[in-house]
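Listed here are the chains, written in short residue letters.
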Amino acid sequence: MTAATTTVNTLPEAVADGLAAGTLCPYLGPGLLALCAGARPPANALELAAVLTARVSVPGKIRNRLTAAAQFIENFKHRKTLVGAMDAAFAAAPEPSALHRWLAALPSPFIVDAWYDDTLRRALAGRSDWAEVQGLAQSEHFGTWTGWYQADGTPSAQPLDAPTVFYKPWGGRSPASNYLVSDSDFVEVLTEIDIQTPIPAIVQQRRAGAGFVFLGCRFDDQLPRAFARQVMKRSAGPHWAVLPEEPTRMERRFLEEQGIVRIALPLAEVAAALAGVPEAA
């Protein structure tokens, strides 16, 4: 039995206070790119599929299905072609928004970023007390689920116990072009994720005392729902999601199941309130 989705139309003080205190952790999605100025990389799965299939021809019936299109490219043009296409797709480097910079300055025990761009990584560049962990594709790193990097991008053979851990479960362009994007990439991870094998141990430990604030995320596809559900598992809560759009049936069900309070405000308005800057015209 689940309760009805709770929706608020103002930004609760508890959200800003929890983020500032490190008891709420940011969970970022591709929608955060809408706050950035300048050239932007693809900001959703459909846009990314369009970019990849403009570079490599795929059958029409899968042209708009990101993971299937990526799998076709990997199977028929080699994994290196897929990685190169992803690198090109995310070569654009927009200026981190005020919200990115505000989030990067927080004492968060960890930050989750479920997209492939480097925007928050650049916002974190002014700090040295953080480390990054990224999900790895089994086709390239069989038997190893995550890769660790120091703040300067230097790989680490061991997990790093930094004050802030920047977790990219789907990988990212920097520092090493790690991507979970094809059907097989996700199947490998989803086969194990329910028993938490692909989730870094330090994230599992730190989430026990934290809740999440979802920013720029949609849950209208099974992949973001599956990853969010498993990253949140056994976390303390509470959980909030900035979702101005009316949720789909599956989104509403997910919010109910996970006890996530929907904040029905535009992301730009929430960003302005949190980062203390005026909204863009």
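As the structure is a computational prediction, the values presented were derived from the model and not from experiment.

Participant: Which parts of the structure should I look at to understand helix α1 (residues 13-21)?
Facilitator: Within an α-helix, residues lying three or four positions from one another point in the same direction, as the helix has 3.6 residues per turn. What α1 keeps buried is the set Val 15, Gly 18 and Leu 19. Along the long axis of α1, the arc covered by the buried residues comes to 100 degrees, so they all point the same way. More than 90 degrees from the buried face of α1, the exposed residues found are Glu 13 and Ala 21. In the core, the buried residues of α1 are packed alongside β2 (24-28), α5 (98-104), β10 (211-215), β11 (239-242), β12 (260-263) and α11 (267-275). Just downstream of α1 lies Gly 22, where phi reads positive at about 85 degrees.

Participant: What is the right way to read the pairing of β11 from this model?
Facilitator: Every other side chain in a regular strand lies on the same face of the sheet, so the side chains alternate between the two faces. Every second residue of β11 is oriented toward a common face, with His 239 and Ala 241 on one face and Trp 240 and Val 242 on the other, all of them buried. Two elements, β11 and β12, share four bridges in a ladder whose sense is parallel. What sits directly across from His 239, in β12, is Ile 260. Crossover handedness for the path β11 to helix α10 (residues 249-258) to β12: right-handed.

Participant: Explain the environment of Ala 228 to me, please; I cannot follow it from the model alone.
Facilitator: Inspection of the secondary structure assignment puts Ala 228 in helix α9 (residues 222-232). Overall, Ala 228 belongs to the buried group, its relative accessible area being 0%. Between the alpha carbons of Ala 228 and Ala 114 there is a distance of 8.9 Å; along the sequence they are 114 residues apart. Beyond its immediate chain neighbours, meaning those up to four positions away, Ala 228 contacts Tyr 27, Phe 214, Phe 219 and Phe 254.

Participant: What am I meant to see in the pairing of β12 here?
Facilitator: On β12, burial covers both faces: Ile 260 and Arg 262 on one face and Val 261 and Ile 263 on the other are all buried. Where strand β1 (residues 7-8) lies against β12, two bridges are found, and the strand directions are parallel. Bridge assignment links Val 8 to a residue of β12, and that residue is Ile 263.

Participant: Explain unusual backbone geometry here, please?
Facilitator: It is generally the case that most residues other than glycine have a negative phi and that most peptide bonds are trans. Residue Pro 175 is reached from Ser 174 by a cis peptide bond, and omega for that bond is 0 degrees. With respect to the element layout, Pro 175 can be found in the loop between β8 (171-172) and β9 (178-179). With omega at -5 degrees, the peptide bond leading from Gly 237 into Pro 238 counts as cis. With phi around 55 degrees, Ser 177 is a residue other than glycine that occupies positive phi space. Locating Ser 177 in the fold gives a position in the loop between β8 and β9. A relative accessible area of 19% means that Ser 177 is categorised as buried.

Participant: Just checking my understanding: could you explain the layout of surface pockets for this structure?
Facilitator: Take a probe with the size of a water molecule and roll it over the atoms, and the empty space left behind shows itself. Within this model, the largest pocket holds a volume of roughly 790 Å³. Together, 35 residues line the largest pocket, and Pro 30, Asn 44, Ala 45, Arg 218 and Asp 220 are the ones closest to its centre. Of all the secondary structure elements, the ones that give two or more residues to the lining of the largest pocket are α2 (45-55), α3 (66-77) and α9. For the lining of the largest pocket, the element with the highest residue contribution is α9, accounting for five residues. The class makeup of the residues in the lining of the largest pocket is 22 nonpolar, seven polar and six charged.

Participant: What exactly am I supposed to notice about the packing of α3 against helix α4 (residues 79-89) here?
Facilitator: How two helices sit against one another is set out by the angle between their axes and by the gap between those axes. One way to put it is that α3 packs onto α4 with a least axis distance of 6 Å and a crossing angle of 135 degrees. Taken as axis vectors, α3 and α4 run oblique relative to one another. Judged by residue contacts, Ala 70, Ile 73, Glu 74 and Lys 77 of α3 engage Arg 79, Thr 81 and Leu 82 from α4. Here the residues of the contact of α3 with α4 sort into three nonpolar, one polar and three charged.

Participant: Please explain the nonpolar core as it appears in this structure.
Facilitator: General note: in soluble globular proteins, nonpolar side chains tend to be found buried as a group. Counting 59 residues, the largest nonpolar core has Tyr 27, Leu 48, Met 86, Tyr 116, Phe 212, Phe 214 and Phe 227 as the members making the most contacts within it. Contacts of Phe 227, omitting those with residues within four sequence positions, involve Tyr 27, Pro 169, Trp 170, Leu 180, Phe 186, Val 189, Leu 190 and Ile 193. In this structure, Leu 106, Leu 120, Val 242 and Leu 265 belong to the second largest nonpolar core, which totals 26 residues.

Participant: Explain the packing of aromatic side chains to me, please; I cannot follow it from the model alone.
Facilitator: Two numbers describe a pair of aromatic rings. These are the distance of the centres and the angle of the planes. As enumerated under the stated definition, the model contains 17 aromatic pairs in all. Look at Tyr 116 and Trp 170: their rings are 6.1 Å apart centre to centre, the planes differ by 40 degrees, and that puts the pair in the tilted class. With Tyr 116 in the loop between β3 (110-113) and α6 (119-123) and Trp 170 in the loop between β7 (164-168) and β8, this pair connects stretches of sequence that are 54 residues apart. A relative accessible area of 8% places Trp 170 in the buried class. An aromatic cluster is built from Phe 90, Trp 115, Tyr 116, Trp 170, Tyr 179, Phe 186 and Phe 227, whose rings are joined through pairwise contacts.

Conventions and cut-offs
- Residues numbered from 1 in each chain as written.
- Predicted model: local features only at pLDDT ≥ 70, side-chain atom pairs only at ≥ 80, totals over all residues.
- Heavy atoms only, no water.
- Buried < 20%, exposed > 50% of the residue type's maximum accessible area, 1.4 Å probe, protein only.
- Helix = DSSP H or I, 4+ residues; strand = E, 2+ residues; numbered from the N terminus.
- Arc of directions from axis to C-beta.
- Contact = heavy atoms within 4.5 Å.
- Pairing = 2+ DSSP bridges.
- Right-handed = clockwise from strand over helix to strand, strands pointing away.
- 1 Å grid on protein atoms, 1.4 Å probe; cavity = no way out; pocket = protein on both sides within 12 Å on 5 of 7 lines; lining within 4 Å.
- Points joined across faces, edges and corners; volume = space filled by probe spheres on them.
- Nonpolar A, V, L, I, M, F, W, Y, C, P; charged D, E, K, R; others polar.
- Axes fitted to C-alpha atoms, helices over the stretch in contact; angles between N-to-C directions.
- Parallel < 35°, antiparallel > 145°, perpendicular 65-115°, else oblique.
- Core = buried A, V, L, I, M, F, W, Y, C linked by side-chain atoms within 4.5 Å.
- Phe/Tyr/Trp six-rings, centres within 6.5 Å; stacked < 30°, edge-to-face > 60°.

Everything listed here is a matter of coordinates, which is why it stays silent on function.
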